[in-house]
Amino acid sequence: MFIIGELINGMYTSIGKAIKEKNKSVIQSSAVIQIQNGADALDVNCGPGSANPVSDMQWLVEAIREVTPAPLSLDSSKPQVIEAGLKLAGANAIINSTTADTDKADTLISLAKKYKAKLIGLSMSSKGIPQNKDQRLELAAMVVARCVEQEFLIEDLYLDPIAMPVKVAQAQMGDILEAIREFKIISDPAPKTVIGLSNVSQGTCQRSLINRTFLTMALAYGLDAAILDPTDTALMDAAISAELILNKQIYCDSFLDAYRKK
Ligand code: THG
């Protein structure tokens, strides 16, 4: 599984404060800790409180680049904020994200091609978040169609079914899991899939348990990548064990250590 560390997000009080005060060391230690704990890439989101998201994104990317060359997932609903990050992020960046609206998808697909970035496509549009599996598939297929039209490689597209909090959308969790499986058959070659895992446990008092249970299930449905908290050791152990059971790692008695040393 491709792991995108979620912790550099202005939604977290300490990160929001560090962005406001331009306190580089808070951001840099979060970057280093996430990589040390197994993140393959880092999500970068200025948060809802940012008054100037373009310059905050630039500052975040520059601060992170001083401590790690890891790929960055530039997380914003505004294309100009994403492009500000892309200019400084270097190789293997991930655009997070486009919706299934044609104009927006076309803008972000062009950026992905220009900067040789991967692209996350949400199965939602300006009309809102889908309420069932068929709506998720229809929106995902629209993103795929725009990528095909613009000759963007489908292997570089990650489709996101929009993981909802179990507390508010309990009846939809099965649909979200099924969508992960069915996104794969929208096209050949298949698109990849990603979720924002911590969404699922928002507002609950067993966050880590709910996150790792959902992640284990989603991996069984074929999930390729997740935005998650890599410092949650129980979560990472569950992910490594799930991949072992899915025959994606070779068994040995020390499989957790062996995976971490890779
Ligand atoms: N899909 C894609 N990108 C995403 C998401 C997604 N990016 C943002 C988000 N969802 C994934 N990242 C987070 C980060 C933090 C939390 C949830 C998802 C979170 N934060 C605590 C909370 O809200 O309770 C903050 C608590 C604190 O202040 O410490 O849960 O779905 N493509």
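Residues numbered from 1 in each chain as written. Predicted model: local features only at pLDDT ≥ 70, side-chain atom pairs only at ≥ 80, totals over all residues. Heavy atoms only, no water.

1. Structural notes on the site of the ligand
Around the ligand, 16 residues are found, and the nearest of them are Asp-75, Asn-96, Asp-160, Asn-199 and Arg-207. Within the contact set of the ligand, an oxygen atom lies 3.5 Å away from a side-chain nitrogen or oxygen of Thr-13. Considering the ligand on its own, with 670 Å² of exposed area, one finds that the protein chains cover 77% of that surface. (Near = heavy atom within 4 Å. Polar contact = N/O pair within 3.5 Å; in protein donor to acceptor, adjacent residues only side chain to side chain. Areas by Shrake-Rupley, 256 points an atom, 1.4 Å probe, with all protein chains shown as cover.)

2. Side note on helix H7 (residues 173-183)
What H7 keeps buried is the set Met-173, Ile-176, Leu-177, Ala-179, Ile-180 and Phe-183. Buried residues of H7 fall within an arc of 155 degrees about the axis and therefore sit on the same side. (Buried < 20%, exposed > 50% of the residue type's maximum accessible area, 1.4 Å probe, protein only. Helix = DSSP H or I, 4+ residues; strand = E, 2+ residues; numbered from the N terminus. Arc of directions from axis to C-beta.)

3. What about the packing of helix H2 (residues 24-36) against helix H3 (residues 53-65)?
Contact pair H2 / H3: the axes reach a minimum separation of 9 Å and the direction vectors enclose 60 degrees. Between H2 and H3, the angle falls in the class oblique. As for how H2 packs across H3, the hand of that crossing is right-handed. Contacts between H2 and H3 involve Lys-24, Ile-27, Gln-28 and Ala-31 from the first element and Trp-59, Leu-60, Ala-63 and Ile-64 from the second. (Axes fitted to C-alpha atoms, helices over the stretch in contact; angles between N-to-C directions. Parallel < 35°, antiparallel > 145°, perpendicular 65-115°, else oblique. Left-handed = near helix turned anticlockwise from the far one by under 90°. Contact = heavy atoms within 4.5 Å.)

4. With respect to the sheet that holds strand E2 (residues 41-44)
Taken together, the eight strands give a closed barrel; going around it, the order is E1-E2-E3-E4-E5-E6-E7-E8, and neighbouring strands pair in parallel fashion. The average undirected angle you get between the axes of adjacent strands in this sheet is 25 degrees. The pairing of strand E1 (residues 2-5) with strand E8 (residues 225-228) spans four bridges and is parallel. Looking at the pairing, Ile-4 lines up with Ile-227 of E8. (Pairing = 2+ DSSP bridges.)

5. Observations concerning the packing of aromatic side chains
Scanning the entire structure with this criterion turns up one aromatic pair. Relative to Phe-255, the ring of Tyr-251 lies with its centre 6.0 Å away and its plane at 45 degrees, an arrangement referred to as tilted. If you follow Lys-22 out to its NZ or CZ, it ends over the ring of Trp-59, 5.3 Å from the centre. (Phe/Tyr/Trp six-rings, centres within 6.5 Å; stacked < 30°, edge-to-face > 60°. Lys NZ or Arg CZ within 6 Å of the ring centre and 35° of its normal.)

6. Examining the pairing of strand E5 (residues 118-122)
In terms of burial, E5 is a largely internal element, four of the five residues being buried. The pairing of strand E4 (residues 94-98) with E5 spans four bridges and is parallel. Each residue of the ladder has a partner; that of Ile-95, found in E5, is Leu-119. Crossover E4 to E5 through helix H5 (residues 102-114) is right-handed. Of the strand pairs in this sheet, E5 and strand E6 (residues 157-160) are connected by four bridges, and their pairing is parallel. Counted as the bridge partner of Leu-119 is Leu-157 from E6. A crossover links E5 with its parallel partner E6, the connecting element being helix H6 (residues 133-149), and its sense is right-handed. (Right-handed = clockwise from strand over helix to strand, strands pointing away.)

7. Points about helix H8 (residues 207-220)
The end-to-end C-alpha distance of H8 is 20 Å, a good match for the 20 Å that 14 residues give at a rise of 1.5 Å each. When we look at burial in H8, the residues that qualify are Asn-211, Phe-214, Leu-215, Ala-218 and Leu-219. Within H8, the buried residues cover an arc of 135 degrees as seen down the axis, which keeps them to one side. Buried positions along H8 lie against H7, strand E7 (192-196), E8 and helix H9 (233-245). Directly after H8, the chain includes Gly-222, whose backbone phi takes a positive value near 100 degrees. (Expected span 1.5 Å × (residues − 1).)

Function cannot be inferred from these measures alone, as they are strictly geometric.
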